[in-house]
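# Topology and contacts: notes
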Amino acid sequence: MDQIANPEFPIYIEKRKLFRHQLIALCSRRRVQLSIGLLLGALFPYLMRFDLAFATKISAQNQLNSLMATILAITVGYWLYRQLIRYPSIQSAYYIFPAFIAAYGLVLSAFFFLRLDYSRLFFAISFFNSIVWFLFVHIISIRYSRPIFDVIPFGNAESVASIAGAEWQVISTEQPRFTSRDGLVVDLRANLTDDWEALVTERALSGTPVYHYKQLKENLTGRVEIEHLSENTLGSLLPDHFYLKFKRGLDLIGVALILPFALALMCVVSLWVRLDDGGPVFFRQTRMGYRGQEFQVWKFRTMRTANIESAGTVDSAKTRDDDERITRIGHFLRKTRIDELPQIFNIIKGEMSWIGPRPEAVPLSMLYQSKLPYYRYRHIVRPGITGWAQVNQGHVAEVDEVLDKLHYDFFYIKNFSIWLDLLITLRTIRVVLTGFGAR
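If you're wondering where the values come from, they're calculated on a predicted model, not measured in any experiment.

This part is about the pattern of salt bridges. As enumerated under the stated definition, the model contains 11 salt bridges in all. Put simply, Lys299 and Glu340 hold a salt bridge, and the shortest N to O gap is 3.9 Å. One end of the pair, Lys299, is in strand β6 (residues 294-300); the other, Glu340, is in the loop between α13 (328-336) and α14 (344-348), and 41 residues separate them in sequence. When sorted by exposure, Lys299 lands in the same class as Glu340, which is buried. Note that Arg358 is salt-bridged to Glu340, the shortest N-O span being 3.9 Å. Within this pair, whereas Arg358 is found in the loop between β7 (353-355) and α15 (362-371), its partner Glu340 is found in the loop between α13 and α14, the two being separated by 18 residues in sequence.

This is the structure in structure tokens:
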């Protein structure tokens with residue numbers, strides 16, 4: 001009652017709202033984010049140099065080296081972080097630590113090999129401040145910032161309204177034409193009337209981004225749907241040929257780094273599988289691979305011996321959640337994806353990659369190919385042990401679910417890059433270590 005009676009209370013509420021909006025606007029600007037990060041992570045520790053020098057007896061040159069190094073580390077860390085979170089369905093908080101740990105680690109490694117002096121305390125304060133600042137930016141963005149899009153109710157544009165993570169405002173030509181929004185959504189293949197075309201033109205001239213509804217769907221869902229060659233030509237989905245070759249080298253480097261540890265783990269798992277029920281350690285299956293070529297894939301056996309498919313039928317090739325055929329340790333091996341480790345040898349042979357679309361058993365691949373348009377196109381890149389579809393959707397077998405998975409595969413092919421592979425690697429590591437997101 002006192003608040004209602006107080007005439008200044010509504011003004012106080014409006015001031016709070018204004019401050020919140022200003023804070024959101026400030027945190028959403030990338031240059032401001034980086035500038036404040038540099039102030040807190042580099043300049044602030046440097047301004048403490050007299051106290052640091054007194055406490056640790058370090059030189060002015062040491063402090064200057066540390067300042068330059070932390071500026072570089074924060075800049076690289078922020079750039080790397082932005083590269084990782086530009087893909088859809090990403091919880092950005094999970095990638096703040098990996099991005100900045102990698103950046104600071106690279107700078108410290110350079111200082112170590114060049115034998116340059118630096119302050120460990122300076123680096124520690126800088127790293128802590130940077131992490132705290134960018135976590136704060138993330139919390140503010142998630143809690144208060146939600147993109148708002150205007151939707152022109154023509155053609156299929158309104159289909160975006162079912163996508164979570166944004167607010168959709170269906171508009172009319174009578175609405176003010178310069179409404180402040182994050183973008184205008186339109187079906188550019190629809191035959192718009194003159195009034196709607198004028199509105200789209202005015203919004204574009206005013207600086208408002210104009211999105212074709214399918215483009216925005218891809219950006220928000222991480223999926224690419226192909227219905228007609230004319231709207232998503234095969235040429236636009238061809239993977240980067242340079243990265244295709246470069247990635248082969250990265251695959252072999254990854255094998256060289258992990259193979260000693262993988263062999264030791266495989267020995268332990270082999271003994272575990274053998275002792276569990278006395279059956280064979282490995283399971284072999286013919287799958288459809290790179291450029292439509294069949295190959296033999298090896299995995300640790302996770303099903304009972306009596307249930308291992310021998311006839312190669314479609315039903316026997318399908319594995320569902322909580323499948324009764326899976327052994328006790330099979331659930332653990334599948335959840336952590338350790339059962340895929342023997343496929344390292346498929347990578348060495350060039351039949352697979354660390355990251356790519358999941359290779360399906362030949363009977364399943366032929367079934368999906370007969371029912372799903374352009375299914376074979378997923379074979380344009382090497383299949384992978386993990387991939388974009390696996391970390392977003394998990395394992396599926398039914399045709400309608402496989403269609404969704406196919407859209408994830410197309411997104412991966414269209415956005416084929418080292419950054420997307422790095423993101424998939426980090427998400428896979430999270431699954432292996434925590435089991436979160438595994439299916």
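With parallel pairing, four strands are arranged side by side in an open sheet as β2-β1-β3-β4. Two strands close off the open sheet at either side, each with one partner strand: β2 (167-170) and β4 (210-212). Adjacent strand axes in the sheet meet at a mean angle of 30°, parallel and antiparallel pairs treated alike. Bridging between strand β3 (residues 183-186) and β4 involves three bridges; their strand directions are parallel. Bridging from a neighbouring strand, Val186 pairs with His212 of β4. Helix α8 (residues 194-205) rests against β1 (148-151), β3 and β4 of the sheet, and its axis sits at about 150° to β3. Contacts from helix α9 (residues 213-221) reach β1, β2, β3 and β4, with the element oriented near 85° to β4.

A cluster of nonpolar side chains, Phe242, Phe246, Leu250, Ile253, Leu257 and Ile418, forms an exposed patch at the surface whose accessible area comes to about 600 Å². Of all the elements, helix α11 (residues 241-277) adds the most residues to the nonpolar patch, at five residues. With respect to the helices and strands, the residue Ile253 is situated in helix α11.

Approximately 820 Å³ is the volume found for the second largest pocket. Lining the second largest pocket are 26 residues, and of these Ile258, Trp354, Thr386, Thr425 and Ile429 sit closest to its centre. Contributions of two or more residues to the lining of the second largest pocket are made by α11, β7, β8 (384-386) and α18 (418-434). Sorting elements by how many residues they give to the lining of the second largest pocket places α11 first, with nine residues.

Cut-offs used in this document
Counting restarts for each chain: residues are numbered from 1 in the order of the written sequence. Two thresholds apply to this predicted model, a pLDDT of at least 70 for residue-level local features and 80 or more for giving and counting side-chain atom pairs, whereas whole-chain, interface and lining totals are computed over all residues. Side-chain metrics rest on all non-hydrogen atoms present in the structure, leaving aside hydrogens and water. The salt bridge criterion pairs a side-chain nitrogen of Lys or Arg with a carboxyl oxygen of Asp or Glu, the two atoms within 4 Å. Only DSSP runs of H or I reaching four residues or more are called helices, and only runs of E reaching two or more are called strands; each is numbered from the N terminus. Per-residue accessibility, obtained with a 1.4 Å probe over protein chains only, is compared with the maximum for each type, and a residue is labelled buried under 20%, exposed over 50%, and partly exposed between these values. We treat two strands as partners when DSSP finds at least two bridges between them. The axes used here are C-alpha line fits, helices contributing only the stretch in contact, and every angle between their N-to-C directions lies in the interval 0 to 180 degrees. Working rule for contacts: check all heavy atoms of both residues, and any pair within 4.5 Å makes them a contact. Patches were defined on residues exceeding 30% relative accessible area and lacking a salt bridge, with like-charge contacts within 9 Å and nonpolar side-chain contacts (Val, Leu, Ile, Met, Phe, Trp, Tyr) within 5 Å. Per-residue accessibility takes into account occlusion by the displayed protein chains alone, with areas from the Shrake-Rupley method and a 1.4 Å probe. Only protein atoms enter the 1 Å grid used here, on which a cavity is any set of points holding a 1.4 Å probe that cannot leave and a pocket is any open set flanked by protein within 12 Å on both sides along at least five of seven lines; residues with an atom within 4 Å of a point are listed as lining. Grid points are joined across faces, edges and corners, and a volume is the space filled by probe spheres set on the points.

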